[in-house]
Amino acid sequence: MTARSSREAAAVVRVKIPTPLRSYTGQAEVAVAVPVLAPELPPTVGGVLAALDGAYPGIRFRIIDEQRQLRPHIRLFVGGRLTRDLATSLTSDAEVMIVAALSGG
Amino acid sequence: MPRTKVAARSTPARRIRLLIATRKGLWTLTSDIARNGWKLAGPQFLGHIVHHAICDPRDGKTLLAAARTGHLGPTVFRSTDAGKTWKEATRPPAFAEGSGRVVDHTFWLTPGHASEPGVWYAGTSPQGLFRSADAGATWEGVAGFNAHPQRKAWCGDDQDGTPDGAKLHSILIDPRDRAHMYLGMSSGGVFESVDGGADWRPLNKGVRADFIPAPAPEFGHDPHCVRFAGANPDRLYQQNHCGIYRIDRPSDTWQDIGASMPKSVGDVGFPVAVHPRDPESMWVFPMDGTSVWPRTAPGGRPAVYRSRDGGKTWKRQDQGLPKSQAWWTVKRQAMTTDLRDPMGLYFGTTSGEIWGTRDEGRTFRCLARHLPHIFALEAW
């Protein structure tokens, strides 16, 4: 769920955190403020992850590699829909869910 | 930023400590100076794949650990209080954006020259060389290697190489000259720089590369581990995919010293360890490199082989080790020595055991067991 601040300078986005990343956040769900440059430019997944890294330094590089690609065993859901595109825009009430995908056995 | 704390414990003023990097975290094993009793502590970073952890000999309290998990990207953790607390690097080793290359894991860590406190080097998979000037907090690619016009010719594509990724390892800094460096690549060979990493040249003459059609390739070799001979940085020993070698600089040709190993054991293995004071003394841990490369102790009978004459002759040392049905081996970073006299030799196995000797290999005993697959072992 997102909420706009009074001046609409930032959108507050709720992000669900998988257990491998909770050493950074300490909690299963956090809210991050994502700068909004203009009303017609809604926050993107990439913007959310940048804001997340600002609040919890180092977390982004564990999710996204140096070529701005999602790491192989990480999945992102925006409003319940899977995406690998960091340019995906968030609707006003969307939340971001980071998932450490099943791998290995 | 993750921090891991362990309960404070009294540490003897004089002790031997082993840092054990494993497939599932980091442990430490500590003894009194007589090396009689050993106490295991940990885990730290439980669930992390820790490829290497090492103490900075320049201050005796800074530790770096290269870690990742199955899901998350690679990072480096740093401790400035001998492992009590850890902080994550703010900029871990990563290739330049736009290069198309992605660090899968940091594999090797080397403290820099004594004259450059805070300088560290890291080797990665895929093969890249990185440098930190702030004790591991931030890392920059060494452009002289990573952007060298011949790098791709030397190393091949990042998808080439060994099954779990080609690795840049064995970063050696000449103790007499900080600009003089060597490195090893599991897909490329041994390379030397005399200008602090600005340029590199292959140093593989005399080394076999049976898996390459060319009879004597200049590069493309597979060194598994390269070490300076103790007390003589003009000599290096190399355990290679294709034998055991030594070189005495300024010669640029390696001598095959594995040819004198028993034929029934062979000259394949991962680690090589050196005596800290005797450049003629070194140890290897042979493994089965026949047929499909089982990578186990030959015949299920593990042993180290010691040479006291620079590789001319070898002696099997297995007193105390299992006599049969022991099908483990020792990875390239998992055999190390202490500085005591007589010297202690230690190795960690793929089956999670630590074995040690305090009489330079005459008798071994098991110091810890039931650990995860051990990648690296460092004494400090």
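Draft legend 1. Quick look at the overall build of chain A. The number of helices and strands found in chain A is 3 helices and 6 strands. What you see in chain A, going N to C, is helices and strands ordered as β-β-α-β-α-α-β-β-β. Relative to its full complement of 105 residues, chain A shows a buried share of 32%. Here the analysis covers contacts within chain A between residues at least 6 apart in sequence; of these, 50% occur between residues at least 24 apart.

Draft legend 2. Quick peek at the overall build of chain B. Within chain B, the regular secondary structure consists of 2 helices and 28 strands. For 380 residues, the compact-globule formula gives about 21 Å, and the C-alpha radius of gyration of chain B, at 19 Å, lands near that figure. Overall size of chain B, expressed as C-alpha extent along the three principal axes, is 50 × 50 × 40 Å. A total of 380 residues make up chain B; the buried ones form 53% of that total. The contacts in chain B between residues at least 6 apart in sequence include a share of 50% that link residues at least 24 apart.

Draft legend 3. Molecular detail of the sheet that holds strand 24 (residues 335-337) of chain B. Residues and elements named next belong to chain B. Read across the sheet, 4 strands follow the order 24-25-26-27 without closing on themselves; strand pairing throughout is antiparallel. Each end of this open sheet is capped by a strand with a single partner; those strands are strand 24 and strand 27 (365-368). On average, each strand axis in the sheet is inclined to that of its neighbour by 30°, with strand direction left out of account. As paired elements, strand 26 (residues 354-357) and strand 27 share 3 bridges and run antiparallel to each other. The residue of strand 27 that forms the bridge with Gly-356 is Arg-365.

Draft legend 4. Geometry of the nonpolar core. Core analysis: the largest hydrophobic core is formed by 97 residues, its most contacted members being B:Ile20, B:Val50, B:Ala53 and B:Ala65. Non-local contacts of B:Val50, meaning those with residues more than four positions away in its chain, are made with B:Ala21, B:Thr22, B:Gly25, B:Leu26, B:Phe45, B:Ala65, B:Ala66, B:Ala67 and B:Phe375. Counting residues in hydrophobic clusters, the runner-up holds 28 residues, among them A:Ile17, A:Val45, A:Ala51 and A:Leu52.

Draft legend 5. Structural detail: the interface of chain A and chain B. Taken together, the 16 residues of chain A in the interface contact 16 residues of chain B. Here the residues of the side of chain A that touches chain B are counted per class, giving 6 nonpolar, 6 polar and 4 charged.

Draft legend 6. Focus on the sheet that holds strand 14 (residues 189-193) of chain B. Strand order in the open sheet formed by 4 strands is 12-13-14-15 (chain B), with antiparallel pairing between adjacent strands. Each edge of the open sheet carries a strand with a single partner, namely strand 12 (168-173) and strand 15 (201-202) of chain B.

Draft legend 7. Representation of the pairing of strand 16 (residues 223-229) of chain B. Among the 7 residues in strand 16 of chain B, 6 count as buried, and that is most of the element. Linking strand 16 of chain B to strand 17 (residues 232-240) of chain B, which pair antiparallel, is a turn of 2 residues; within it B:Ala231 sits at a positive phi near 70°.

Draft legend 8. Region of the structure containing the pairing of strand 18 (residues 243-248) of chain B. All names here are of chain B. Within strand 18, 5 of the 6 residues are buried, leaving the element largely enclosed by the surrounding structure. Connecting the antiparallel pair strand 17 and strand 18 is a turn made up of 2 residues. The pairing of strand 18 with strand 19 (residues 255-256) spans 2 bridges and is antiparallel. By the bridge assignment, Tyr-245 is partnered in strand 19 with Asp-256. Hairpin geometry of strand 18 and strand 19 is characterised by an intervening segment of 6 residues between the two adjacent antiparallel strands.

Draft legend 9. Quick peek at the environment of B:Leu367. Residues and elements named next belong to chain B. Note that Leu-367 resides in strand 27. Placed 14 residues apart in sequence, Leu-367 and Glu-353 show a C-alpha to C-alpha distance of 7.5 Å. Those residues in contact with Leu-367, other than ones at most four positions away along the chain, are Leu-29, Trp-38, Ile-354, Trp-355 and Gly-356.

Draft legend 10. Looking closely at the confidence of the model for chain A. In the predicted model, chain A carries a mean pLDDT of 88, and 89% of its residues have values of at least 70. Note that pLDDT drops below 50 for residues 1-6 of chain A; the model gives that stretch 14 contacts with residues more than four away or on any other chain.

Draft legend 11. Quick look at helix 2 (residues 45-55) of chain A. Within helix 2 of chain A, burial applies to A:Val45, A:Gly47, A:Val48, A:Leu49, A:Ala51 and A:Leu52. Of the surrounding secondary structure, the elements contacted by the buried residues of helix 2 of chain A are strand 2 (10-16), strand 3 (29-35), helix 3 (59-63), strand 4 (74-78), strand 5 (81-83) and strand 6 (96-100) of chain A.

Each value, and the rule that gives it
Numbers given for residues are sequential positions, taken from 1 along each chain in its written order. For naming, the first written chain is A and the first written ligand is 1, with later ones following in the order written. The predicted nature of this model means local features are confined to residues of pLDDT at least 70 and side-chain atom pairs, given and counted, to a pLDDT of 80 or more, with totals for whole chains, interfaces and linings taken over all residues. Where helices and strands are cited, they refer to DSSP runs of H or I of at least four residues and of E of at least two residues respectively, numbered from the N terminus. To sort residues by burial, count the other C-beta atoms lying within 10 Å of each one's C-beta; a count of 20 or more means buried, 12 or fewer means exposed, and anything in between means partly exposed. C-beta atoms are built from the backbone. Here the contact rule is simple: place C-beta atoms from the backbone, and any two residues whose C-beta atoms are within 7 Å are in contact. Computation of the radius of gyration draws on C-alpha atoms, with the globule rule given as 2.2 Å multiplied by the number of residues to the power 0.38. Strand pairing is defined by DSSP finding a minimum of two bridges between the two strands. Interaxial angle, 0 to 180 degrees, is taken between N-to-C directions of lines fitted to C-alpha atoms, where a helix line uses only the stretch in contact. For our purposes the nonpolar core covers buried Ala, Val, Leu, Ile, Met, Phe, Trp, Tyr and Cys residues that link as a set through C-beta atoms within 7 Å. Gly is put with the polar residues, along with every residue not named as nonpolar or charged; the nonpolar set is Ala, Val, Leu, Ile, Met, Phe, Trp, Tyr, Cys and Pro, and the charged set is Asp, Glu, Lys and Arg. Values of pLDDT, which run from 0 to 100, indicate the predictor's confidence residue by residue.

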